[in-house]
Amino acid sequence: MAKVVLKNICKYYLKNVLAVNDFNLQIEDKSFIVLVGPSGCGKSTVLRMIAGLEDITKGKLYIGDTYANEIAPKDRNIAMVFQNYALYPHMTVFDNMAFGLKLRKFSKQEIKKRVLEAAKILDIEHFLDRKPKELSGGQKQRVALGRAIVREPEVFLLDEPLSNLDTKLRAQMRMEISKLHKKLGTTFIYVTHDQTEAMTMGDKIVVMKDGFIQQVDTPKNLYENPHNAFVAGFIGSPQMNFIYGFIVKSSNEFLFQTSKNIVHLPNFKNNVALEQYVGKEVILGVRPENVFDRPDRIESNEIGTFESTVEITELMGSETYLYLYIDDNSIIAKVDPYSKAKSGDKIKIYIDLSKIHLFNKETELNILNS
């Protein structure tokens, strides 16, 4: 088993196209790390550099204690699972899983032993004589995982492995991959653009944007203490609401004011940080589950009241989504399914102010985390 360390990693294409910039990360042995971000943020490029499929322009990569920049992909003792499965269509499942071992000159007995053990772990023993065209998407994904398992690698790299599956199967495979990680006790590095996968699977999550790391943290801390507005908006479904307004100070109290609304801000631990923002425009962030259409639903005593207009309502079964306008800001509230609000209504909306975030409008950094 091995830890993976990336130090000041940069990747340029065509000398002037920067894909990854100053990437620093230490991935501990046996951990499950998820790289997440929008398309084009550089997450798959990082994975391919670890695998040796992309050259590193600058920086150092260590796998275990070994400097790995110049080590050939086949000698890195890493197994990669691709988005499109990359199975050989003319081979049986058994032969697909065994192919890499045959290239490494393993004995027939050892190959059979490893393939059968992996097939048992993945519950695909009864598929070993089938060809890929006879398998469902989920079964193909298991075969691709099995082909990686038989190599007994130090590190598993998974590049958006569930993106071709339907919603129900993706949920099932998320659980299967998490169970597989615990069973194998190996380092997993997983790339996805789906924040739900990241939040449910990773020990730690690396949020990326435009080739830069935005935040590395546990799922809980990412959700509750985002470093900036991008992380706050990317993590969570539906995403965090953002309301633009000004910080005002009156009688030693801080207030948040929009063109039509004003609320008293609670006494945060670092209220001193707000002094420099008095009279300046900031962004108030609040998650949909902390926005209510009834004040008695809020457990804290810190309640902010806003006038709003209902645009659309969506009944989701156990809850209703209200799509609202507060001034010129479009927001979402998760309320109970018995809400009587309907399109066009002008209603009061109540926000749990103990759960809000305030972001610098220029830098988008979290003022209350500074």
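Everything that follows concerns the structure shown earlier in this document.
A few points on the structure. As the structure is a computational prediction, the values presented were derived from the model and not from experiment.

### A few points about the side chain of Asn 96
- Tracing the backbone through its elements, the reader meets Asn 96 in helix H2 (residues 93-103).
- Look past the residues within four positions of Asn 96 in its chain and what remains in contact with it is Leu 87, Tyr 88, Met 91, Pro 132, Val 143 and Arg 147.

### Focus on the sheet that holds strand E16 (residues 303-315)
- Here 5 strands make up an open sheet; going across it, the order is E15-E19-E16-E17-E18 and the pairing antiparallel. The sheet is open, and its two edges are formed by strand E15 (291-292) and strand E18 (329-335), each paired on a single side.
- In this sheet, strand E19 (residues 346-352) lies alongside E15 in antiparallel orientation, the contact comprising 2 bridges. Across the sheet, residue Phe 292 finds its bridge partner in E19, namely Tyr 350.

### Digging into the environment of Ile 283
- In this fold, Ile 283 is placed in strand E14 (residues 281-286).
- Separated by 83 residues in sequence, Ile 283 and Asn 366 have C-alpha atoms that sit 9.3 Å apart.
- Look past the residues within four positions of Ile 283 in its chain and what remains in contact with it is Phe 242, Ile 243, Tyr 244, His 357, Leu 358, Phe 359 and Lys 361.

### Thoughts on the pairing of E18
- Burial within E18 is extensive, with 5 of its 7 residues counted as buried.
- As paired strands, strand E17 (residues 320-326) and E18 are joined by 7 bridges and run antiparallel to one another. Its bridge partner being in E18, Leu 322 is matched across the sheet by Ala 333.
- Hairpin connection between E17 and E18: a loop of 2 residues separates the two successive antiparallel strands, and Asp 327 in this loop has a positive phi of roughly 55 degrees.

### Structural notes on the layout of surface pockets
- One number sums up the size of the largest pocket: a volume of about 510 Å³.
- Lining the largest pocket are 22 residues, and of these Met 80, Phe 82, Arg 104, Arg 147 and Arg 151 sit closest to its centre.
- Among the secondary structure elements, those contributing two or more residues to the lining of the largest pocket are strand E6 (78-81), H2 and helix H4 (137-149).
- Looking at the lining of the largest pocket, the element that brings in the most residues is H2, giving 6 residues.
- Here the residues of the lining of the largest pocket are counted per class, giving 16 nonpolar, 2 polar and 4 charged.

### Here we look at helix H3 (residues 108-122)
- With 15 residues, H3 should cover 21 Å at 1.5 Å per step; its first-to-last C-alpha distance of 21 Å lies within 8% of that length.
- Within H3, the full set of buried residues consists of Ile 111, Arg 114, Val 115, Ala 118, Ala 119 and Leu 122. The buried side chains of H3 occupy one side of the element, clustering within an arc of 130 degrees when seen end-on. What points out from H3, more than 90 degrees from its buried face, is the exposed set Gln 109 and Lys 120.
- In this structure, the buried residues of H3 make contact with H2, H4 and helix H5 (167-184).
- Just beyond H3, the residue with positive phi is Asp 123, at close to 55 degrees.

Rules and cut-offs
Residues numbered from 1 in each chain as written. Predicted model: local features only at pLDDT ≥ 70, side-chain atom pairs only at ≥ 80, totals over all residues. Heavy atoms only, no water. Helix = DSSP H or I, 4+ residues; strand = E, 2+ residues; numbered from the N terminus. Contact = heavy atoms within 4.5 Å. Pairing = 2+ DSSP bridges. Buried < 20%, exposed > 50% of the residue type's maximum accessible area, 1.4 Å probe, protein only. 1 Å grid on protein atoms, 1.4 Å probe; cavity = no way out; pocket = protein on both sides within 12 Å on 5 of 7 lines; lining within 4 Å. Points joined across faces, edges and corners; volume = space filled by probe spheres on them. Nonpolar A, V, L, I, M, F, W, Y, C, P; charged D, E, K, R; others polar. Expected span 1.5 Å × (residues − 1). Arc of directions from axis to C-beta.

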